[in-house]
Amino acid sequence: MSSEAQEDRPTLAHTPLYDLHVELGGKMVPFAGYAMPVQYPAGIVAEHQHCRAQAALFDVSHMGQVRITGDEAAQSLETLVPGDLLGLTTGDQRYTQLTNETGGILDDLIVGRDQDNLFLVINASRKAADITHMRACLDTAVQLEALEDRALLALQGPQAAAVLGSLVPDCTALRFMQAGWYAIDGVDCRISRSGYSGEDGFEISTPADFAEPLARRLLAFEPVMPAGLGARDSLRLEAGLCLYGNDIDETTTPVEAGLTWSIGKRRRSEGGFPGAAVIQQQLAEGVERKRVGLRPQGRAPVRAGSLLTDEAGKEVGTVTSGGFGPSVGAPVAMGYVASELARPDQELTAVVRGKGHPIAVAKLPFVPAGYHRG
Amino acid sequence: MSKTVYSDEHEWVRVENGNATIGITDYAQEQLGDVVYVELPEVGTSLAKGDQAAVVESVKAASEVYAAVSGEVLEVNEALTDEPGKVNEDPQGAAWFIKMKLSDPSEVDALMDEAAYKDFVAQQG
């Protein structure tokens, strides 16, 4: 058994739920500068299955929450992302990307339209860079506030609505990708019907000091089980969702990544965001490579970084995420392949530890989405 | 008479009549979490101490299992191919990985006995 050397690590940040994770037996690991639970004693597979069958509670407080205020907030942020933000009505939110001048992705994020401001959720690993970037580029009439005093909980799974609905009856009226502010025990919380598991569910932004009481209340419901980053990763992979730094980064464009659906129609024609020329050209002429789902044909998981080859042994792509899909009951992966090979059932070879393993291009998601579209 | 010794890579080696049965310890399976795949060497392979003997994969990651002793692979536990989860259920019994003919039985003496291994695990924190 090889084990990674226990190196001296820089001090890891704690979310407001750190003590609760430890109390629940969470196995704490470093992630994006935070000590986060990769799993609890039940284990990744049990946590994953429980989320698909009932409900799982995840701490995603390491993610960045940002408020952008000002009359021109949407207009100004549109200069940095290809999503249609002017078209957002109060209570709606949208998935989009911060792009660079070559159309690459600096981060992917959720932008919500609240009554008086935009509300953003950004990746933990990109938080500092995103905030610096936005502060430098946004119109001076716009105020950006990093909400460091808030926590974020994700309650995901088919029972999530019944559970949260018993605390906040009104929130069950939300449809997928809608959000609003609700009082829980008199505390203002922002609840959005969204998440990254492929299931119906909610993300709840709370003041930091209310995170633990709320988490304990949610965990007290019989269908709710705590779940860690391990299950979050296997759930999102089965759901065909991108992990920043693996499946998308500064060298991949939203078009190559299969995220064209998130680019507003008006934005496609008007442009006006970094890398628009590249992205418009790709939309018009196609791309050389595309992100696809991949199904290893044997039992061996094919991990990120594995090369993909064709019949002739020529390199035709790379795996960017891969592991075991507990709901699929088999290994699943995602990666980029040459566009002419990006069709379901295309047979390829994945190179794992120097040996070729058969792998087939597959439709995403691997598991049907359970989103509540109303 | 058989005796069981342990490596600092969290493998157990049960020695009997010059042959060794090798697997991973309960501590190792617990660290790995749910095992979803085990790749075993071919029967007849000669392994030197420290060579990669097997690969065990959990949901999260792949880990290599190195040969704790040198020898020739006599038998591999094919059952783990279809039921990798056995590694979590019975790591020090039914979920053995390989059986080897020891080429240098003195290597066994360098490994830890059960008491020493227990102390070693206790220090892992």
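Note that the structure is predicted; figures quoted are calculated from it, not measured.

Undergrad: So, the overall build of chain B: which residues are in play, and what are the values?
TA: Tallying secondary structure elements over chain B gives 4 helices and 9 strands in all. Traced from its N-terminal end to its C-terminal end, chain B shows the element sequence β-β-β-α-β-β-β-β-β-α-α-β-α. Its C-alpha radius of gyration of 13 Å places chain B within 12% of the 14 Å reference for a compact globule of 125 residues. Principal-axis analysis of the C-alpha atoms gives chain B an extent of 35 × 35 × 25 Å. The buried share of chain B, taken over its 125 residues, is 47%. Counting contacts in chain B only where the partners sit at least 6 residues apart, residues at least 24 apart contribute 58% of the total. Of the roughly 5,900 Å² that chain B leaves accessible, carbon and sulfur atoms contribute 44%. Positive and negative side-chain charges of chain B, numbering 8 and 25 respectively, have mean locations separated by a distance of 5 Å.

Undergrad: Could you give an account of the interface of chain B and chain A, naming the residues involved and the relevant values?
TA: In this assembly, 28 residues from chain B lie in contact with 21 residues from chain A. In total, chain B and chain A occlude about 1,900 Å² of area from one another, counting both sides; carbon and sulfur atoms represent 51% of this. At the surface where chain B touches chain A, the tally comes to 4 salt bridges. Where E57 of chain B meets R303 of chain A, a salt bridge forms, and the shortest distance between an N and an O atom there is 2.7 Å. Applying the counting criterion to the chain B and chain A interface returns 12 residue pairs in polar contact (both at pLDDT 80 or more). The residue inventory of the side of chain B that touches chain A, partitioned by class, reads 13 nonpolar, 7 polar and 8 charged.

Undergrad: Can you break down the packing of aromatic side chains residue by residue, with the values?
TA: Per the counting criterion, the structure on display carries 5 aromatic pairs over all chains. Here the aromatic rings of Y95 of chain A and W261 of chain A are separated by 5.6 Å at their centres, their planes lie at 20°, and the arrangement is stacked. Placement of Y95 of chain A in strand β5 (residues 93-99) and of W261 of chain A in the loop between α7 (229-238) and α8 (265-270) is noted, with a sequence separation of 166 residues between them. For Y95 of chain A, a relative accessible area of 10% puts it in the buried group. With centroids separated by 4.0 Å and ring planes inclined at 10°, the aromatic side chains of F176 of chain A and Y371 of chain A adopt a geometry described as stacked. Highlighted residues: F176 of chain A in the loop between α5 (160-167) and β10 (179-184) and Y371 of chain A in the segment after β19 (355-362), separated in sequence by 195 residues. Residue class for F176 of chain A comes out partly exposed when judged on its relative accessible area of 23%. Judged by relative accessible area, Y371 of chain A falls into the buried class, the value being 18%. Within the aromatic cluster, the residues linked to one another by ring pairs are Y6, Y117 and F120 of chain B. In this arrangement the basic side chain of R289 of chain A is found over the ring face of Y336 of chain A, its NZ or CZ atom lying 4.8 Å from the centre. The ring of W96 of chain B carries the charged tip of K99 of chain B above its face, separated from the ring centre by 4.7 Å.

Undergrad: Mind laying out the pairing of strand β3 (residues 55-59) of chain A, listing which residues take part and the relevant values?
TA: Residue and element names in this part refer to chain A. The buried count for β3 comes to 5 of 5 residues, which makes it a mostly enclosed element. Burial along β3 is two-sided: the residues A55, L57 and D59 and A56 and F58 are all buried. Pairing between β3 and strand β13 (residues 224-226): 3 bridges, direction parallel. Bridging from a neighbouring strand, A56 pairs with M225 of β13.

Undergrad: Please give an account of a negative patch on the surface that cites residues and values.
TA: Residue and element names in this part refer to chain B. A cluster of acidic residues, E75, E78, D82, E83, E89 and D90, forms a negative patch on the protein surface. Mapped onto the elements, E83 comes out in the loop between α2 (79-82) and α3 (86-89). Owing to a relative accessible area of 43%, E83 belongs among the partly exposed residues under this scheme.

Basis of the calculations
Residues numbered from 1 in each chain as written. Chains lettered and ligands numbered in written order. Predicted model: local features only at pLDDT ≥ 70, side-chain atom pairs only at ≥ 80, totals over all residues. Heavy atoms only, no water. Helix = DSSP H or I, 4+ residues; strand = E, 2+ residues; numbered from the N terminus. Rg over C-alpha atoms; globule rule 2.2 N^0.38 Å. Buried < 20%, exposed > 50% of the residue type's maximum accessible area, 1.4 Å probe, protein only. Contact = heavy atoms within 4.5 Å. Areas by Shrake-Rupley, 256 points an atom, 1.4 Å probe, with all protein chains shown as cover. Lys, Arg positive; Asp, Glu negative; His and termini not counted. Charge placed at Lys NZ, Arg CZ, Asp CG, Glu CD. Buried area = accessible area lost by both parts, 1.4 Å probe. Salt bridge = Lys/Arg side-chain N within 4 Å of Asp/Glu carboxyl O. Polar contact = N/O pair within 3.5 Å; in protein donor to acceptor, adjacent residues only side chain to side chain. Nonpolar A, V, L, I, M, F, W, Y, C, P; charged D, E, K, R; others polar. Phe/Tyr/Trp six-rings, centres within 6.5 Å; stacked < 30°, edge-to-face > 60°. Lys NZ or Arg CZ within 6 Å of the ring centre and 35° of its normal. Pairing = 2+ DSSP bridges. Patch = residues over 30% accessible without salt bridge, like charges linked within 9 Å, V, L, I, M, F, W, Y side chains within 5 Å.

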